[in-house]
Amino acid sequence: MIKYSGHNEIVLTINGDQHTLLIKPNEVLLNVLREKVGYTGAKGGCENGDCGTCTVIINEKPMKSCMVLAIECVGKNILTIEGLEDTEIQNAFIEFNGFQCGFCTSGFLMNAYAMLETDPEIDDENKRVWLDANLCRCTGYEGIELAVNDAQKKLLDKKNTND
Amino acid sequence: MISFDFDYYKATQLEEAHALLFSLLEDNQKPVYYSGGTELMTSFRKGKIKADAVIDIKNIDGITSIDCIENHVIIGACASLNDVIETFNETCLSDVLIEIADHTVRNAITMGGNLCGRLPYKEAVLPLLALDASVVIYRADGLKEVSLRNLFEKRLRIDKGDILYQLKFDKDHLDAYASKRVTESTEIDYPLLHVFVSIHDQNLFVGLSGFGSYPLYKEFDLNTRISEIEDYFLPYVKDDSRSSKAYRSHLFKTTLQTIKDELEGFDD
């Protein structure tokens, strides 16, 4: 059994890079990403697992990083918004103005990215099930919906061309 | 940020997690088992629960696996709700679990966490009780399989330190079922009322969450009049800031009536 007590030197794999960090077991992944790694894309909103602004992808599943201990993530692959450069979903959010104030954007992007990676042909009903996990206080949902649908269409077109 | 320090243990064997908890208790420490962590993280942050040691049990062999051999299902207690929903899509179990929290949080919440947590709703227990599931508990004398109906009264009655390891049931146990959930305003919220009704042989199972201070259930004869079912549950109705007794009672009666109208075999 592995025991972590006090300050521990651990390695977290974030966006494919290995980061050696000194952390305590009570440190939350969201804070470690923002304050120790410098990846400030994930935002602290409610910090209660409700709003989704802190969403990152851990081992291919979207997770709310405010609800995860950093120490739990040793040996797992963490993907943050900083690792989504030049993806279809990111470009679609820009093209369709899938944001207003931008605070919720990285959370929506991460969840939508995970959703389209998991099920590129996902239907509207299930898209709603996935994306209901994120809140936009500006209520800019229309732009987000357009962006997600566009990214899905482009990903499917690309897949069909390759097939 | 969690405002207090604790030690974190990553257990891989039931025996070692169980022994560690008791050895920490002997040292006058406050240990907790940890799996999905959603409830504990919230409680830690709010200062509702404090711990000196967190024993993470989700890396224990077999505790996250889901197996289905012919009709017999075995679900590890630390399997996430989404893993169960995806494996048993469009079943009574998935229809109930998909209503709990939101999709992202369901990647973290575990079956065992939902059943053993401090929150009073424990909605996963409704279909499991209807399916007459059994639970496998790790205790000092080893693994023990017990009927969930024998162990569940207000909450899962397992002794301090015992670990919920697996859930077992037969997949096609029910002849028909219906599940209806009412929340205060938004869909993603705790239930004001969750009614689960199922039919097996000539028995009618009715389970409720959110209605009283803990999940309620009873199995009736299929010919029981709806007024008798209402009379059984109505004394348990709770009054809180989210709903009055009168409103919850009204919701219960109308929801039960809707289910009766929709569920084949449920005749008054």
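Note that the coordinates shown come from a computational prediction; the quantities given were computed from them, not determined experimentally.

Asks: Outline the overall build of chain A, supporting the account with residue identities and numerical values.
Replies: For chain A, the helix and strand inventory stands at five helices and six strands. Secondary structure of chain A in N-to-C order comes out as β-β-β-α-β-β-β-α-α-α-α. The C-alpha radius of gyration of chain A comes to 16 Å, within 12% of the 15 Å expected for a compact globule of 163 residues. Considered along the principal axes of its C-alpha atoms, chain A spans approximately 50 × 40 × 25 Å. Nonlocal contacts in chain A, meaning residues at least 24 apart in sequence, comprise 61% of its contacts between residues at least 6 apart.

Asks: Tell me about the overall build of chain B, and name the residues and values.
Replies: Of the regular secondary structure elements, chain B holds 10 helices and 14 strands. The C-alpha radius of gyration computed for chain B amounts to 19 Å, which stays within 12% of the reference 18 Å derived for 268 residues, consistent with globular compactness. Taking all 268 residues of chain B together, 42% fall into the buried category. Long-range pairs, those at least 24 residues apart, make up 59% of the contacts in chain B with a sequence separation of at least 6.

Asks: Run through the sheet that holds strand 5 (residues 61–64) of chain A, naming residues and quoting values.
Replies: All names here are of chain A. The strand order across the open sheet formed by five strands is 3-2-6-4-5, and the pairing between neighbours is mixed. One side of each edge strand has no neighbouring strand; the edge strands of this open sheet are strand 3 (17–23) and strand 5. On average, each strand axis in the sheet is tilted by 40° relative to the strand beside it, whichever way the strands run. Taken together, the two bridges between strand 4 (residues 55–58) and strand 6 (residues 77–79) define a ladder with antiparallel strand orientation. Each bridged residue has a counterpart across the sheet, and for I57 the counterpart in strand 6 is L79. Running at roughly 100° to strand 3, helix 1 (residues 29–37) makes contact with strand 2 (8–14) and strand 3 of the sheet. Helix 3 (residues 105–118) contacts strand 4 and strand 5 of the sheet and is inclined by roughly 35° relative to strand 4.

Asks: Quick rundown of the domain arrangement of chain A? Include the residues and the values.
Replies: Residues and elements named next belong to chain A. Per the domain assignment, the segments of chain A are domain 1 (8–83) and domain 2 (88–158). Each of domain 1 and domain 2 has a C-alpha centre, and the two are 21 Å apart. Tallying the contact residues gives 14 residues for domain 1 and 11 residues for domain 2. Every element with two or more residues in the side of domain 1 that touches domain 2 is listed here: strand 4 and strand 5. Considering each element in turn, the side of domain 1 that touches domain 2 owes the most residues, three residues, to strand 4. A class-by-class count of the residues in the side of domain 1 that touches domain 2 yields seven nonpolar, four polar and three charged.

Asks: An account of the interface of chain A and chain B is requested, with residue identities and associated values reported.
Replies: With 29 residues of chain A at the contact, the number on the chain B side is 27 residues. Counting residues per element, the ones that place at least two in the side of chain A that touches chain B are strand 1 (2–4), strand 5 and helix 4 (124–131) of chain A. With four residues, strand 5 of chain A is the largest single contributor of residues to the side of chain A that touches chain B. Here strand 1 of chain A pairs with strand 1 (residues 7–10) of chain B via three bridges, running antiparallel. Its bridge partner being in strand 1 of chain B, K3 of chain A is matched across the sheet by Y9 of chain B.

Asks: So what's going on with the domain arrangement of chain B? Which residues, and what values?
Replies: When the domains of chain B are assigned, the result is domain 1 (7–56), domain 2 (66–170) and domain 3 (176–262). Taking only C-alpha atoms into account, the centre of domain 1 of chain B sits 35 Å from that of domain 3 of chain B.

Asks: So what's going on with the pairing of strand 4 of chain A? Residues and values would help.
Replies: All names here are of chain A. In the sheet, strand 4 pairs with strand 5 via four bridges, with the strands oriented antiparallel. Along strand 5, the bridge assignment pairs V56 with M63. The hairpin turn running from strand 4 into strand 5, its antiparallel successor, is two residues long, and N59 in that turn takes a positive phi close to 45°.

Asks: So what's going on with the nonpolar core? Which residues, and what values?
Replies: If you look at the biggest cluster of nonpolar residues, it comprises 122 residues, and the most contacted ones within it are I55 and I57 of chain B. Counting residues per element, this core draws most heavily on helix 3 of chain A, at eight residues. The contacts of I55 of chain B, once residues within four sequence positions are left out, are Y9, A11, A17, L20, L21, P31, Y33 and Y34 of chain B.

Asks: Explain the pairing of strand 6 (residues 134–139) of chain B to me, using residue names and the numbers behind them.
Replies: All names here are of chain B. Where strand 6 and strand 7 (residues 142–147) come together, six bridges link them in antiparallel fashion. Bridge pairing in strand 7 links I137 to K144. What sits between strand 6 and strand 7 in their antiparallel hairpin is a turn of two residues. Summarising the sheet, strand 6 and strand 10 (residues 163–170) pair through five bridges and their orientation is antiparallel.

Asks: Please give an account of the sheet that holds strand 7 of chain B that cites residues and values.
Replies: Residue and element names in this part refer to chain B. Taken in spatial order, the five strands line up as 4-5-10-6-7 in an open sheet, and their pairing is antiparallel. Only two strands of the sheet have a single partner each, and these edge strands are strand 4 (66–69) and strand 7. For this sheet, the mean inter-axis angle between neighbouring strands, taken without regard to orientation, is 20°. Note that strand 4 and strand 5 (residues 72–76) share four bridges and pair antiparallel. Along strand 5, the bridge assignment pairs I66 with I75.

Asks: Mind laying out the packing of helix 2 (residues 88–95) of chain A against helix 5 (residues 141–162) of chain A, listing which residues take part and the relevant values?
Replies: All names here are of chain A. Two elements in contact, helix 2 and helix 5, have axes whose closest approach is 8 Å; the angle formed by their N-to-C orientations is 135°. As judged from the angle between their axes, helix 2 and helix 5 are oblique. When you trace helix 2 past helix 5, the crossing you get is right-handed. The residues of helix 5 that touch helix 2, namely those facing E88, I89, A92, F93 and E95, are A147, D150, A151, K154 and L155.

Criteria and cut-off values
Residues numbered from 1 in each chain as written. Chains lettered and ligands numbered in written order. Predicted model: local features only at pLDDT ≥ 70, side-chain atom pairs only at ≥ 80, totals over all residues. Helix = DSSP H or I, 4+ residues; strand = E, 2+ residues; numbered from the N terminus. Rg over C-alpha atoms; globule rule 2.2 N^0.38 Å. Contact = placed C-beta atoms within 7 Å. Buried ≥ 20, exposed ≤ 12 C-beta atoms within 10 Å, placed from the backbone. Pairing = 2+ DSSP bridges. Axes fitted to C-alpha atoms, helices over the stretch in contact; angles between N-to-C directions. Domains from an automatic or database assignment. Nonpolar A, V, L, I, M, F, W, Y, C, P; charged D, E, K, R; others polar. Core = buried A, V, L, I, M, F, W, Y, C linked by C-beta atoms within 7 Å. Parallel < 35°, antiparallel > 145°, perpendicular 65-115°, else oblique. Left-handed = near helix turned anticlockwise from the far one by under 90°.

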